Amino acid sequence: MGRFVPKCVLIDLSGTVHIENSIVAGAARAIDRIRKSGISFRFVTNSSKESVASLFTRLVGLGVNLSPGDLFTSLTATKQYVLRRKCRPMLFLEENAQQDFKDVSVVDPNSVVIGLAPSMFNYEKLTEAFNCLKNAENAELIAINKSRYLQRQHGLVLGGGAFVAALEYSTGLTATVVGKPSRKFFEQSIADFEGVVVEDCIMIGDDVQDDVAGAQAIGMKGILVQTGKYRPGDETKINPAPYLTLPSLVDAIDHVIELHSNGCET
Amino acid sequence: MKIYFFRTKNQPIMSWCEGVKGVLLDVTGVLYNSGPTGGAAIEGSIDAIQRLKTSHIPFKLCSNESTETRANFAAKLTKHGFNITSDDIVCPVPAMVDLLKQENLRPHLLVHPDVLPEFASISTENPNCVVMGDCNTHFTYSAMNAAFNTLLSMSPKDRKLYSMGGGKYYKDGDDLVLDVGAYAKALEYACDCKMVVCGKPNKLFYDQAIRLLGVNIEDCVMIGDDIISDVGGAQALGMKGVQVRTGKYRAVFDEPHSEITPDGYVDNLAEAVDLLLSNN
Ligand SMILES: [Mg+2]
Ligand SMILES: [Mg+2]
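For every chain, the first residue of its written sequence is number 1, and the numbers climb from 1 along that sequence. The order in which chains are written sets their letters, starting at A; the order in which ligands are written sets their numbers, starting at 1. Local features in this predicted model are restricted to residues whose pLDDT is 70 or higher, and side-chain atom pairs enter the listing and the counts only when it is 80 or higher, whereas totals over whole chains, interfaces and linings include all residues. Side-chain measures here rest on the full set of heavy atoms in the structure, leaving out hydrogens and waters.

(A) Summary view of the overall build of chain A. A helix here means a DSSP run of H or I that spans at least four residues, while a strand means a run of E at least two residues long, and both kinds are numbered starting from the N terminus. For chain A, the helix and strand inventory stands at 9 helices and 14 strands. Dimensions of chain A, computed from C-alpha atoms along their principal axes, come out at roughly 60 × 40 × 35 Å. Summary of the burial criterion: residues with accessible area below 20% of their type's maximum are buried, those above 50% are exposed, and those between are partly exposed, where the area comes from a 1.4 Å probe applied to protein chains only. In chain A, which comprises 266 residues, the share counted as buried stands at 54%. Two residues form a contact once any of their heavy atoms are found within 4.5 Å. Restricting the contact set of chain A to residue pairs at least 6 apart, pairs at least 24 apart contribute 65%.

Shown next, in the form of structure tokens:
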């Protein structure tokens with residue numbers, strides 16, 4: 001009694017499985033092992049810079065053995081949300097990511113969806129978004145994620161979250177955050193796995209707030225990996241502390257498989 | 001002479017203008033209303049400014065305008081018919097320049113190109129703070145990223161972000177547009193720091209205006225159409241705050257206001273000046 005046996009593992013992508021266009025050492029084999037172990041798993045990402053199809057192709061190209069169904073992205077979750085709420089969003093997304101919203105009506109917008117859209121983070125587009133939110137009835141500001149900044153080839157750049165904060169300030173609205181660390185996102189990501197509840201899950205990621213604290217806040221366990229955006233001392237930034245802090249995805253998966261097989265033996 | 005008794009229910013008659021030795025005036029909504037073709041002077045205000053000028057009561061125009069120099073701003077008001085020079089105007093840019101000098105700060109400037117010349121005397125090499133003003137179309141992703149990286153390069157507790165005004169939005173002709181406060185919030189969020197507003201209702205800013213008047217703060221009155229930033233801001237610092245019923249004033253929200261009780265309400269600047277001059 002009381003021993004934790006993981007039934008499902010959620011794995012962050014950027015910074016955990018790959019960094020830009022290189023895969024974390026040993027990650028592909030570790031993912032194969034989790035597949036063979038019988039533990040349910042899903043990749044959960046806040047990325048909004050490209051369509052799910054394009055992300056999938058890129059991961060396969062990096063040597064990750066996966067099927068499209070293994071991915072749960074904030075882009076997909078946002079699209080489901082927008083359709084459910086019958087929103088006609090003004091989309092802050094680049095062309096590639098807009099593909100995923102092809103069948104969503106964006107005429108006469110009554111809401112604003114903010115993802116990563118460098119070409120739209122400017123006075124004209126933000127003012128347009130502001131007026132849309134100010135004029136539409138029950139207007140909704142939707143954040144695909146609330147990322148502060150991200151690493152790009154030439155250094156750090158502002159993430160969509162900064163511009164969400166700007167629009168929140170000027171409109172007086174509070175944004176609905178769809179991606180990690182929202183409770184709903186984690187719950188939706190395991191909805192396909194029958195009989196799995198949050199207490200059965202482990203989240204592995206490099207972001208101590210969005211991945212680890214977010215998952216632990218709803219009853220999952222969180223493993224912080226020391227790759228990607230991890231910086232020494234990150235594990236001390238949250239309370240309760242991460243369930244574990246490990247060098248990389250490989251160690252995290254070893255640990256999960258060990259817990260699982262110990263659980264099966266007893 | 002006009003009689004002003006019974007003007008409003010809650011206003012002790014003639015109280016706010018007693019003992020006033022200096023006057024601060026908001027500009028937009030008090031002297032003139034902005035509009036698509038440059039706007040128009042508010043009735044009686046041109047004459048009121050003239051009468052104030054020839055009186056012994058010192059005054060300054062106190063505006064959060066940060067997209068043009070004081071000289072251009074004065075020229076705009078002159079075109080409307082006001083007898084105003086740039087020396088009559090206090091706006092955030094010169095106040096910001098003073099503050100930078102006092103504190104030995106070297107700013108990364110995210111300001112409108114038209115006001116850059118006003119910062120000519122300040123070194124911007126190896127910046128140790130970020131200064132923002134309203135840039136309207138010059139707020140681009142790359143300009144924002146440059147300011148962001150400057151802030152992020154400082155240690156978290158040393159991040160200094162100054163914003164010339166913290167407005168949410170304003171009316172530009174017929175359109176509502178985002179004000180500098182929104183962009184400052186974006187950097188605040190990304191860099192985990194707090195902006196310092198240089199402009200109304202910030203104390204440093206009002207202090208500077210009052211220094212120029214050469215009177216004590218409690219002997220000053222601020223007259224404006226923004227009940228929060230003009231009236232409430234002035235009262236919080238020990239000035240009197242008087243609300244005009246022009247500009248963005250709306251009876252349903254502002255009289256009475258849920259939080260702020262002005263020291264007086266006047267129909268317009270002309271009435272305020274009438275009261276001031278007949279009681280001093
Ligand atoms: Mg990550
Ligand atoms: Mg005003």
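(B) Spotlight on the overall build of chain B. Each helix and strand counted, chain B has 9 helices and 14 strands in total. As defined in this context, the radius of gyration uses C-alpha atoms, and a globule is described by 2.2 Å times the residue total to the power 0.38. Relative to the 2.2 N^0.38 estimate, which gives 19 Å for 280 residues, the radius of gyration of chain B is 19 Å and therefore close to what a compact globule would have. Seen through its C-alpha atoms, chain B measures out along the principal axes to roughly 60 × 35 × 35 Å. In chain B, which comprises 280 residues, the share counted as buried stands at 54%. Intrachain contacts of chain B at a sequence separation of at least 6 include 63% that bridge at least 24 residues. A total accessible area of about 12300 Å² is found for chain B, and carbon and sulfur atoms account for 51% of it. Note on areas: these come from Shrake-Rupley sampling with a 1.4 Å probe, and a residue is covered only by the protein chains present in the view.

(C) Helix α1 (residues 45-54) of chain B, seen in detail. Every buried residue belonging to α1(B) is among B:Ser45, B:Ala48, B:Ile49 and B:Leu52, and all of these are buried. Looking straight down α1(B), one finds its buried side chains confined to an arc of 100 degrees; they lie on one side. The arc in question is traced by the directions running from the helix axis to the C-beta atoms.

(D) Representation of the coordination of the magnesium ion (ligand 1) in the model. Summarising the metal site, the magnesium ion (ligand 1) is bound by the protein donors A:Asp12 (OD), A:Ser14 (O) and A:Asp206 (OD), whose distances to it range over 2.2 Å. Each metal site is built from N, O and S donor atoms within 2.8 Å (3.2 Å for Na, K and Ca), and since water is not included, such sites may look incomplete. The sequence pattern formed by the donor residues of the magnesium ion (ligand 1) is D-x1-S-x191-D.

(E) Molecular detail of the interface of chain B and chain A. The interface is formed by 25 residues belonging to chain B together with 25 residues belonging to chain A. Summing the contributions of chain B and of chain A, the shared interface buries around 2400 Å²; its carbon and sulfur component is 67%. Put simply, buried area is how much 1.4 Å-probe accessible surface two parts lose in total, over both of them, once they are put together. For chain B, the biggest contributors to the area lost against chain A are B:Tyr141, B:Leu178 and B:Tyr189; these three give 33% of the whole. We define a salt bridge as a contact between a side-chain nitrogen of Lys or Arg and a carboxyl oxygen of Asp or Glu at a distance within 4 Å. Run the count over chain B and chain A and you get 0 salt bridges. Pairing of N or O atoms within 3.5 Å defines a polar contact, subject to two protein rules: one partner must be a possible hydrogen donor and the other a possible acceptor, and residues neighboring in sequence count only if both atoms are side-chain atoms. Seen at the junction of chain B and chain A, the total is 10 residue pairs in polar contact (both at pLDDT 80 or more).

(F) Fine view of the coordination of the magnesium ion (ligand 2). Residue and element names in this part refer to chain B. Coordination of the magnesium ion (ligand 2) by the protein involves Asp26 (OD), Thr28 (O) and Asp225 (OD), with metal-donor separations of 2.1 to 2.3 Å. For the magnesium ion (ligand 2), the single-chain donor residues occur in sequence as D-x1-T-x196-D. On the criterion of sequence distance, the pair formed by aspartate 26 in the loop between β1 (22-25) and β2 (32-33) and aspartate 225 in the loop between β12 (220-224) and α7 (227-236) is long-range, its members being 199 residues apart. Judged by relative accessible area, which is 4%, aspartate 225 ranks as buried.

(G) Main features of empty space enclosed by the protein. All names here are of chain A. A pocket here means an open set of points on a 1 Å grid, computed over the protein atoms alone, that has protein on both sides within 12 Å along at least five of seven lines. A cavity is instead a set of points where a 1.4 Å probe fits but cannot get out; residues with an atom within 4 Å of a point line either one. Grid points are joined across faces, edges and corners, and a volume is the space filled by probe spheres set on the points. Throughout the structure, instances matching the rule amount to 2 cavities of 30 Å³ or more. Here the second largest cavity defines a volume of roughly 30 Å³. What lines the second largest cavity is simply Thr45, Ser47, Glu50, Ser51, Val52, Leu55, Thr73 and Leu75.

On their own, these measurements won't tell you what the molecule is for.
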